[in-house]
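# Chains, contacts and geometry: an overview
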Amino acid sequence: MRLSRSLSITSLSGLPLWEEESLDVQDLLLFEVSWEVTNKVGGIYTVIQTKAKITVDEWGENYIMMGPYYEHNFKTQVEKCEPPNQAIKAAMDSLINNGCQVHFGRWLIEGSPYVILFDIGAAAWNLDRWKGDLWNACSIGLPYHDREANDSLVFGSLVAWFFKELTDQLQDKPNVIAHFHEWQAGTGLVLSRSRKIPLATVFTTHATLLGRYLCAGNADFYNNLDKFNIDQEAGERQIYHRYCLERAAVHCAHVFTTVSQITAVEANHMLHRQPDVVTPNGLNVRKFSAMHEFQNLHSMNKAKIQEFVRGHFYGHLDFNLEKTLFFFIAGRYEFSNKGADLFLESLSRLNYLLRVQKSDVTVVVFFIMPAKTNNFNVESLKGQAVRKQLWDTAQSVKEKFGKRLYESLLRGEIPDMSKILDRDDFTIMKRAIYATQIVFHPEFLSSTSPLLPMDYEEFVRGCHLGVFPSYYEPWGYTPGECTVMGIPSVTTNLSGFGCFMEEHVSDPSEYGIYIVDRRFRSADESCNQLTQFMFSFCQQSRRQRIIQRNRTERLSDLLDWRYLGRFYMHARHLALSRSFPGKFKMDHLNLAPVSLSHSLRCTLMHSHFLQSLTMRT
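Within each chain, residues carry numbers counting from 1 in the order of the written sequence. In keeping with the model being predicted, local features are shown solely for residues with a pLDDT of at least 70 and side-chain atom pairs are shown and tallied solely at 80 or more, while totals for entire chains, interfaces and linings include all residues. Where side-chain values are given, they derive from all heavy atoms of the structure, hydrogens and water being excluded.

### Points about the sheet that holds strand β13 (residues 489-492)
Backbone-to-backbone hydrogen bonds pair the strands of a sheet. The strands run either parallel or antiparallel. Applicable threshold: When DSSP locates at least two bridges between a pair of strands, those strands are taken to pair. In DSSP terms, a helix is any run of H or I states spanning at least four residues, a strand is any run of E spanning at least two, and both are numbered starting from the N terminus. Fitting a line to C-alpha atoms yields each axis, with helices limited to the stretch in contact; the angle taken between N-to-C directions then spans 0 to 180 degrees.
Ordered by their spatial adjacency, 5 strands build an open sheet running β11-β10-β12-β13-β14, and the pairing between neighbours is parallel. The open sheet has two edge strands, β11 (362-368) and β14 (513-516), and neither has a second partner. Across this sheet, the average inter-strand angle for adjacent strands is 25°, counted without regard to direction. When strand β10 (residues 324-330) meets strand β12 (residues 465-467), the two strands line up parallel, connected through 2 bridges.

Structure representation (structure tokens):
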């Protein structure tokens, strides 16, 4: 499939040239299996949801997603219907007749893909028997207390059972491709291969299990990739059985993929298999597309944030909001993994530089990281309430003022400004200045929040710079979302997004993508580099920021699934050529294989990463 590029930017090297695919999807069925189909848990939900449209466009009714059944999710996200394929219906009926519950419908997202959802709880009575099957297949035992691992076994056993019934019905035509995401779905792949079910299988890891655990524990991860005792590390963290499931799925798959070059290196060391294809995460750019309106949207949403700041700093608003920049960081509350430690230290140094330079720029920083809370901060609520009361009072007095001014002019009189407002008006304004006591229930960033009534997308559009200096980030959707909305961002060369931009854009900073080097520099050097990026940004004029936002938004096509979806096409075709070599060939495709030595020379690093920074007080 030849995909034309719409970018005409000289500093972009772009994506690799692609020979046209000749895959007849009419003679194939594609199943995509994930724990997060209709079930939002983490970032994989975003991947499969945003990719659905281009996959449905390519495969039509021959594309079906598979996931776990949850009653609430099914009622609110799925339109129940009958399977259009009789072989699929027969396979489902076979499971249902044996005491399992299987549901079919259309997922109500863009593209409306078909979904098959398996009720885990209804099939849990088979758990002990299926544990025995898993042990006999690959000698992996699951502890009774690990609910997530046990659920993944029930889910995988149902998926493998379904594929056995389906392929028996189909009799090799059409052929079946099954794409599994992450270790929770990987059990189904392992069982399917051990039972020699005729499938072409793809397995994608979005982050290795052990990598996430090690980085969360402040390990010097990238300098010691080749030194970790993998089995020991997994055992000490009581995830050895999960690690074994993940590794078994990786080695059983016909094609193994991961989401970025940085994670490809990690997977090679942690899971002992080099990925066959890197499948970068894309976005449905059309959803964010505002054409020439994105600059106006920035101004509109910036005004909303300014209103919040007026209330938050009520009584202490001694800076000019027109010369104030809004920075933000967002993501899971993983202090070191997400680079919050580096960001805080850099802000301290930025504050020093701004003071020394006597800059009139003020920076307000937002940390959008959900964490446990009991209630809103009372002072914050009070400030917002006072701000709103002052605004409402001003609007009320303005209406009275305007009416009296209008009536005076109709009479042909020049109004006496000292009399146009009466005593009651002054009383109302004085009362509005006094504080009031209010209690609200806590809510996260949404348009109904009493503190900051904005959805996440509106908030991002209103900010000036997103800062995501992550230490461990297999991909990183947050800077990608900033890019397609025309908002500059900071990322690192230890994130999949940062590596991708370094590879495809010759000078990312010119396009509002600032990449901090956390791979080959010490923590202090990385901190200084981030500080300098932010300081340079603060020195830009308003016109320069507008020009930069235009350039940032022009990178959107690089992140569109219309382009990045090609890597998934390649992975599927490669899986078919390996599982059914007599029917499918790959000779005409010229995509270069993953090159670990080119993408990341992690064993040659000389700098030492420090995961803990001492914060200035």
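Now that the structure has been shown, we can carry on.
### Considerations on the nonpolar core
Test applied: We call a set of buried Ala, Val, Leu, Ile, Met, Phe, Trp, Tyr and Cys residues a nonpolar core when their side-chain atoms join them within 4.5 Å. Throughout, exposure labels follow a simple rule: accessible area from a 1.4 Å probe, protein chains only, divided by the maximum for the residue type, with under 20% read as buried, over 50% as exposed, and the rest as partly exposed. By the convention used here, residues are in contact when the closest approach between their heavy atoms is within 4.5 Å.
With 96 residues, the main nonpolar core has V309, F327, F328, F366 and M534 as its most contacted residues. In terms of residue count, the dominant contributor to this core is helix α21 (residues 561-579) (8 residues). If near-sequence neighbours (up to four positions away) are discounted, F327 is found in contact with L350, V363, V364, V365, F366, L465, V467, M534, F537 and C538.

### Details of the confidence of the model for the protein chain
To keep it simple, the criterion reads: The score called pLDDT rates the predictor's confidence residue by residue, from a low of 0 to a high of 100.
Mean pLDDT for the protein chain: 83, with 78% of residues reaching 70 or above. The low-confidence segment residues 1-14, where pLDDT is below 50, has 37 contacts with residues more than four positions distant or belonging to other chains. Below a pLDDT of 50 lies the segment residues 439-443, which in the model reaches 15 contacts outside its immediate sequence neighbourhood of four places, other chains included.

### Quick look at helix α18 (residues 496-504)
With 7 of 9 residues buried, α18 is to be regarded as a mostly interior element. Three or more residues of α18 are buried, namely G496, F497, G498, C499, F500, M501 and H504. Of the surrounding elements, those touching the buried residues of α18 are α10 (261-270), α17 (477-484), β13, β14 and α21.

### Points about the sheet that holds strand β5 (residues 114-118)
In spatial order, the strands read β3-β4-β5-β2-β1-β6-β7-β8-β9; together these 9 strands make up an open sheet with mixed pairing. The sheet terminates laterally at β3 (78-80) and β9 (277-278), the two strands that pair on one side only. One ladder, built from 6 bridges, connects strand β1 (residues 28-33) with strand β6 (residues 175-181); its direction is parallel. When the sheet's bridge partners are listed, L28 is paired in β6 with N175. Across the sheet, helix α1 (residues 43-59) is in contact with β1, β2 (63-68), β4 (102-107) and β6; its angle to β2 comes to roughly 155°. Against the sheet, α21 engages β1, β6, β7 (200-205), β8 (255-258) and β9, with an angle of about 135° to β7.

### Things to note about the pairing of β11
Quick note on the threshold: Look down the strands so they point away from you; if going from the first strand over the helix to the second traces a clockwise path, that crossover is right-handed.
Two strands pair when backbone bridges link them, and β10 and β11 are joined in this way by 7 bridges, in the parallel orientation. Opposite F327, over in β11, you have V365 as the bridge partner. With helix α13 (residues 340-356) bridging β10 and the parallel β11, this β-α-β connection has right-handed handedness.

### Points about the packing of helix α6 (residues 182-194) against helix α9 (residues 240-252)
When two helices pack together, their arrangement is given by the angle between the helix axes and the distance between those axes. Quick reminder of the rule: Angle categories are assigned with fixed cut-offs, so that under 35 degrees is roughly parallel, over 145 is roughly antiparallel, 65 to 115 is roughly perpendicular, and the rest are oblique. Definitions for this section: a left-handed crossing has its near helix turned counterclockwise from the far helix by less than a right angle. A right-handed crossing has that turn clockwise.
Interaxial distance between α6 and α9 falls to 8 Å at its minimum, and their mutual angle equals 55°. Judged by the angle between their axes, α6 and α9 are oblique. The crossing of α6 and α9 is left-handed. Contacts from W183, G186, T187, L189, V190 and R193 of α6 reach α9 at R242, L245, E246, A248, A249 and C252.

### Describing α6
Residues separated by three or four positions in an α-helix point in the same direction, a consequence of the helix having 3.6 residues per turn. Convention followed: For a helix, the expected span equals 1.5 Å multiplied by the number of residues minus one.
The end-to-end C-alpha distance of α6 is 18 Å, a good match for the 18 Å that 13 residues give at a rise of 1.5 Å each. Counting buried positions along α6 gives 11 out of 13 residues, so the element sits mostly inside the fold. When α6 is considered as a whole, its buried residues turn out to be E182, W183, Q184, A185, G186, T187, G188, L189, V190, L191 and S192.

### Concerning the side chain of E36
To keep things clear, this is the line we draw: Only four residue types enter the charge count, namely Lys and Arg as positive and Asp and Glu as negative; His and the chain termini do not. Any Lys or Arg side-chain nitrogen located within 4 Å of an Asp or Glu carboxyl oxygen qualifies as a salt bridge. Any pair of nitrogen or oxygen atoms within 3.5 Å is treated as a polar contact; in protein, a donor-acceptor pairing is required on top of that, and neighbouring residues in sequence qualify only through side-chain atoms on both sides.
Checked against the element boundaries, E36 lands in the loop between β1 and α1. One buried charged residue, E36, forms no salt bridge at all, with the nearest opposite charge on K40 at 6.4 Å. A distance of 3.3 Å separates a polar atom in the side chain of E36 from the backbone nitrogen of V41. Only 2.9 Å separates the side chain of E36 from the backbone nitrogen of G42, close enough to count as a polar contact. Apart from residues no more than four positions distant in its own chain, E36 is found in contact with V41, G42, G43, I44, Y45, I48 and W107.

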